[in-house]
Amino acid sequence: MPDVMKTLLLNPPSFENFDGGASSRWPATREIESYWYPVWLTYPAGMIPGSRLLDASPHKVNWQQTVQICKDYEFLILFTSTVGFDSDIKLIRKIKESNPSMKIAFVGPHGHIKPDETLMASEDIDFVTRGEFDHSVVEYAHGKPISEIMGVSYRKEGKVVHNAPRAQLHTAELDALPFATDIYKRDLQIERYNVPFLLNPYVSFYTTRGCPALCTFCMWPQTISGHAWRTRSTENVAREVKQAIEYFPHMKEIFFDDDTFNIRKDRVLDLCTKFKPLKFQWSSTARVHSDYDTLKAMADAGARLFIVGFESGDPQILKNIKKGATVEMARTFMKNCRKVGIRVHGDFIIGLPGETRETIQKTIDFAKELDPETIQVSLAHAMPGTELYDSMAKEGFLKVEALADMGGHQLPHIEYPHLSKSEMMAGVNRFYDEYYFRPKVVWRIVKEALWDSHERKRLYHEATEFLKLRAERLKWAREGGDGEKPLVAVSQASSASGND
C-alpha cells in the first residue's frame with residue numbers, strides 16, 4: 001500500500017455574506033452573514049492522517065491564499081454547491097496551474113445530482129462522489145484504485161464511468177466515524193462561526209443522517225443523506241457532547257444540525273436523560289410533532305431554541321409540498337414551547353406551489369399569530385435534484401436557469417402566471433416589515449441587548465446589514481424585478497454543513 005496522499009479538504013472561498021458555505025442546506029447570500037460548520041468534511045478529515053480541513057470563508061482565506069495553500073498538498077477534496085459551482089471551476093483551474101500534479105475530487109449534492117455534467121465541466125476534476133462520501137475519498141487517499149471505489153464517477157478514455165453506488169452508513173458505522181469536534185479543535189476557530197439566532201460562539205454536529213419527511217423543496221434528503229433515518233447511538237452522541245464541553249469551555253451552546261432532531265420521541269427522551277447531568281445549553285432543528293411531555297423533557301435537559309420550518313399558513317400549500325404537518329399542529333407546538341420556555345426561530349417560504357397574493361397575507365398573519373422569537377422569510381427556491389425543481393420545470397414555472405448571480409445573490413427563478421417575481425419579492429419585504437416592526441417584537445429584541453455588550457454589538461451589526469438589504473430589495477421590487485441585485489435569503493431547510 002503506498003503512502004497516504006497529503007490531503008486538503010476544502011470548503012472553498014465564496015461570495016461575501018454567503019449562507020453557510022458550500023455545504024449549507026441552501027447556499028446563497030442572505031440578509032446577515034452566517035457560517036455553519038463544514039460537518040460533512042470533518043469525517044474523512046479525521047480518517048486521513050496528515051490532512052487539513054480548510055473552511056475558507058469564515059476564516060477569511062481568499063482564493064489567492066487558497067491556491068498558495070494547495071501547493072503543499074497532493075489531493076484536494078472540494079465541497080461544491082450548485083450556486084458556487086462556476087466559481088469553484090475557476091478556482092481549481094488556478095490551483096492546477098500552480099500545482100499541476102494535484103488530484104481533485106468534487107463532493108456534495110451537485111456532483112451527486114449531475115455527475116456527468118460536473119465531470120465534463122472541467123478536465124481538472126479527477127472524480128466526483130455520489131451519496132455519502134466519507135469512505136470513498138479516504139480510500140482514494142490511501143491509494144485504492146479509482147475503479148475499485150464505490151460511489152464515485154470518473155472519466156476513462158473520454159467516457160464517464162459510474163462505479164456501483166455505496167451503501168449508506170447505519171448506527172455501527174456512524175458510531176465508528178471520528179468526532180467532528182476533533183477536527184474543529186485541530187483545524188477551525190469556533191469564534192469564526194456565527195448564525196444570528198444562535199448564541200456565539202456555538203458548535204454544531206449531527207446525531208442522525210437522513211430524514212423520513214417528504215418535503216418537496218428540501219435538498220439534502222433528496223440527494224446525499226436520503227430519506228432513510230439513520231441514528232448514532234445516544235451513548236456516542238453524549239460522548240461527543242462531553243468532549244465538546246471539554247474542548248471549548250467558552251462555547252455558549254451546541255446546535256444539533258440534524259435534518260429533524262426530534263422525529264422519534266423515545267430517542268429524544270433517551271438523549272435528554274443523558275444530556276441533563278451534563279448541564280449544557282443546546283438548540284436543534286425540530287418538526288411540530290413533539291408533544292408537551294417531550295418538549296418539557298427537552299427544556300429540562302437544556303434545550304434553548306428550535307429552528308422550525310413552518311413554511312406557510314395555508315393548509316393547501318402545506319399539502320402541496322408534502323409537509324406532513326398542519327397549521328393546527330404548529331399552533332399547538334408553539335403554545336407548548338412557550339409553556340416550557342423553549343424559543344423558536346420560524347422559517348417561512350413565499351412562492352411555493354399554490355401561492356397567491358391572498359395566501360402570502362395568510363402566512364404573514366399566521367406568523368404573527370405564532371409569534372416566534374425570530375423568523376427567516378425565503379423565496380421558494382427549486383434546487384436541482386428536488387421534487388419541487390422537477391415539478392416547476394415540467395409546468396414551465398422556472399423562469400431563470402441560473403440560481404444566483406456572480407455575487408452569490410439568489411435569482412428568483414420561479415414565476416407563476418398569476419404571481420410575478422417582483423410581487424413575491426414585495427411579499428418578502430412586507431412579511432419582514434409587518435412582523436418585525438411591531439412594538440412588542442422591537443422591545444423583545446432590544447431588551448436582550450440591554451445587559452449584554454456582546455449582543456449589543458451583534459445586534460447593531462446585524463440590524464445595519466438587514467436594513468441595507470431591505471432597501472435594496474424594495475428597490476428591486478419597485479423596478480419590477482429588473483434590478484441587478486435580487487437579494488433574498490434562500491429557504492432554510494437543513495448541510496460541508498448540510499444546512500446541510
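Just so we're clear, the structure is a prediction, and the values are computed from it rather than from any experiment.

**Q** How would you summarise the packing of aromatic side chains if you had to cite specific residues and measurements?
**A** Evaluation of the coordinates by the stated rule reveals 27 aromatic pairs. The interplanar angle of 55° and the centroid separation of 6.4 Å between the aromatic rings of W36 and F197 together place this pair among those described as tilted. With W36 in the loop between strand 1 (7-11) and helix 1 (39-47) and F197 in the loop between helix 8 (180-187) and strand 8 (202-205), this pair connects stretches of sequence that are 161 residues apart. Its relative accessible area of 1% is what places W36 among the buried residues. Using a relative accessible area of 8% as the deciding quantity, one classes F197 as buried. Members of the aromatic cluster, each reached through a chain of ring pairs, are W36, Y37, Y184, Y193, F197, Y202 and F255. Sitting over the ring of Y73, K6 keeps its end group 5.1 Å from the ring centre. The residue whose ring lies beneath R438 is Y435, and the NZ or CZ to ring-centre distance is 4.4 Å.

**Q** I'd love a proper account of the sheet that holds strand 13 (residues 303-311), names of residues and values included.
**A** If you walk across this open sheet you meet the 6 strands as 8-11-12-13-14-15, and the pairing is parallel. The strands lining the two open edges of the sheet, one partner per strand, are strand 8 and strand 15 (374-379). On average, each strand axis in the sheet is tilted by 20° relative to the strand beside it, whichever way the strands run. Of the strand pairs in this sheet, strand 11 (residues 253-256) and strand 12 (residues 282-286) are connected by 3 bridges, and their pairing is parallel. Directly across from I254, in strand 12, lies its bridge partner W282. Here helix 14 (residues 357-370) sits on the sheet in contact with strand 13 and strand 14 (343-350), set at roughly 180° to strand 14.

**Q** Please set out a nonpolar patch on the surface residue by residue, giving values where relevant.
**A** Together, V442, W443, V446, L450 and W451 give the surface a local cluster of nonpolar side chains, amounting to about 570 Å² of exposed area. Examined against the element boundaries, L450 turns out to sit in helix 17 (residues 439-450).

**Q** A description of the pattern of salt bridges should follow, citing residues and the corresponding values.
**A** All chains considered together, the criterion is met by 26 salt bridges. K274 serves as the salt-bridge partner of E235, at 3.8 Å between the closest nitrogen and oxygen. One end of the pair, E235, is in helix 9 (residues 234-247); the other, K274, is in helix 10 (residues 265-275), with 39 residues separating them in the sequence. Looking at E235, the relative accessible area reads 43%, which means it is partly exposed. Using a relative accessible area of 24% as the deciding quantity, one classes K274 as partly exposed.

**Q** Quick one: what's the story with unusual backbone geometry, residue by residue and with numbers?
**A** Here the residue pair N200 and P201 is connected by a cis peptide bond, since its omega of 0° sits within 30 degrees of zero. Phi is positive for K279, which is not a glycine, with a value near 50°. Tracing the chain through its elements places K279 in the loop between helix 10 and strand 12. Residue K322 is not a glycine yet carries a positive backbone phi of 55°.

**Q** Give a description of the packing of helix 13 (residues 327-340) against helix 14 that names residues and reports values.
**A** As a packed pair, helix 13 and helix 14 sit with axes 10 Å apart at the nearest point and diverge in direction by 25°. One way to sum up the angle between helix 13 and helix 14 is to call them roughly parallel. Here V327, A330, R331, M334 and R338 of helix 13 lie close against helix 14, whose contacting residues are F366, E369 and L370. Partitioning the contact of helix 13 with helix 14 into residue classes produces 5 nonpolar, no polar and 3 charged.

**Q** Can you tell me about the side chain of T294, naming the residues and giving the values?
**A** By secondary structure assignment, the location of T294 is in helix 11 (residues 292-300). A distance of 2.7 Å separates the side chain of T294 from the side chain of D291, its partner in a polar contact. Those residues in contact with T294 that lie beyond four places of it in its chain are K265, V268 and L269.

**Q** An account of helix 6 (residues 134-141) is requested, with residue identities and associated values reported.
**A** For helix 6, the buried fraction is high: 6 of the 8 residues fall into the buried class. Those residues of helix 6 that sit buried are D134, S136, V137, V138, Y140 and A141. Trailing helix 6 by a residue or two, G143 shows a phi angle of about 100°, which is positive.

**Q** Summarise the sheet that holds strand 5 (residues 127-129); cite the residues concerned and give the values.
**A** On the basis of which strands lie adjacent, the open sheet formed by 7 strands has the order 2-1-3-4-5-6-7 and mixed pairing. A single partner strand is all that each edge strand has here, and the edge strands are strand 2 (52-55) and strand 7 (159-162). Across the sheet, the mean angle from the axis of one strand to that of its neighbour is 20°, orientation sign disregarded. As paired elements, strand 1 and strand 2 share 4 bridges and run parallel to each other. Pairing of L8 across the sheet is with R52, part of strand 2.

**Q** A description of the state of the cysteines should follow, citing residues and the corresponding values.
**A** Under the defined criterion, the tally for this structure stands at 0 disulfides. The thiol sulfur of C211 is not disulfide-bonded, and the nearest other cysteine sulfur, from C218, lies at 6.5 Å.

**Q** Describe helix 11, listing the residues and the values that go with them.
**A** Every buried residue of helix 11 is accounted for by T294, L295, M298 and A299. For helix 11, the arc enclosing every buried residue in end-on projection is 135°, short of the 170-degree limit, so these residues lie on one face. Tucked inside the fold, the buried residues of helix 11 contact helix 10, strand 12, strand 13 and helix 13. Phi turns positive one or two residues past the end of helix 11, at G302, with a value near 110°.

**Q** Go over the environment of F106 with me, naming the residues and quoting the values.
**A** Mapped onto the secondary structure, F106 falls in strand 4 (residues 103-107). Remark: the alpha-carbon pair of F106 and T80, spanning 26 residues in sequence, is separated by 6.4 Å. Residue contacts for F106: discarding those within four places in its chain leaves L78, T80, F85, D88, I89, I92, T118, I125, F127, V128 and T129.

**Q** Tell me what's going on with the pairing of strand 13, and back it up with residues and numbers.
**A** Counting buried positions along strand 13 yields 9 of 9 residues, so the element is predominantly enclosed. Looking at chain direction, strand 12 and strand 13 are connected through 5 bridges and run parallel. Each residue of the ladder has a partner; that of S284, found in strand 13, is F306. Traced from strand 12 through helix 11 to strand 13, the parallel crossover comes out right-handed. Bridge count for strand 13 against strand 14 is 6 bridges, and the pairing is parallel. In the strand pairing of strand 14, F306 is matched with V344.

The rules behind each value
- Residues numbered from 1 in each chain as written.
- Predicted model: local features only at pLDDT ≥ 70, side-chain atom pairs only at ≥ 80, totals over all residues.
- Heavy atoms only, no water.
- Phe/Tyr/Trp six-rings, centres within 6.5 Å; stacked < 30°, edge-to-face > 60°.
- Helix = DSSP H or I, 4+ residues; strand = E, 2+ residues; numbered from the N terminus.
- Buried < 20%, exposed > 50% of the residue type's maximum accessible area, 1.4 Å probe, protein only.
- Lys NZ or Arg CZ within 6 Å of the ring centre and 35° of its normal.
- Pairing = 2+ DSSP bridges.
- Axes fitted to C-alpha atoms, helices over the stretch in contact; angles between N-to-C directions.
- Contact = heavy atoms within 4.5 Å.
- Patch = residues over 30% accessible without salt bridge, like charges linked within 9 Å, V, L, I, M, F, W, Y side chains within 5 Å.
- Areas by Shrake-Rupley, 256 points an atom, 1.4 Å probe, with all protein chains shown as cover.
- Salt bridge = Lys/Arg side-chain N within 4 Å of Asp/Glu carboxyl O.
- Parallel < 35°, antiparallel > 145°, perpendicular 65-115°, else oblique.
- Nonpolar A, V, L, I, M, F, W, Y, C, P; charged D, E, K, R; others polar.
- Polar contact = N/O pair within 3.5 Å; in protein donor to acceptor, adjacent residues only side chain to side chain.
- Disulfide = S-S within 2.5 Å.
- Arc of directions from axis to C-beta.
- Right-handed = clockwise from strand over helix to strand, strands pointing away.

Nothing here speaks to function; it is geometry throughout.
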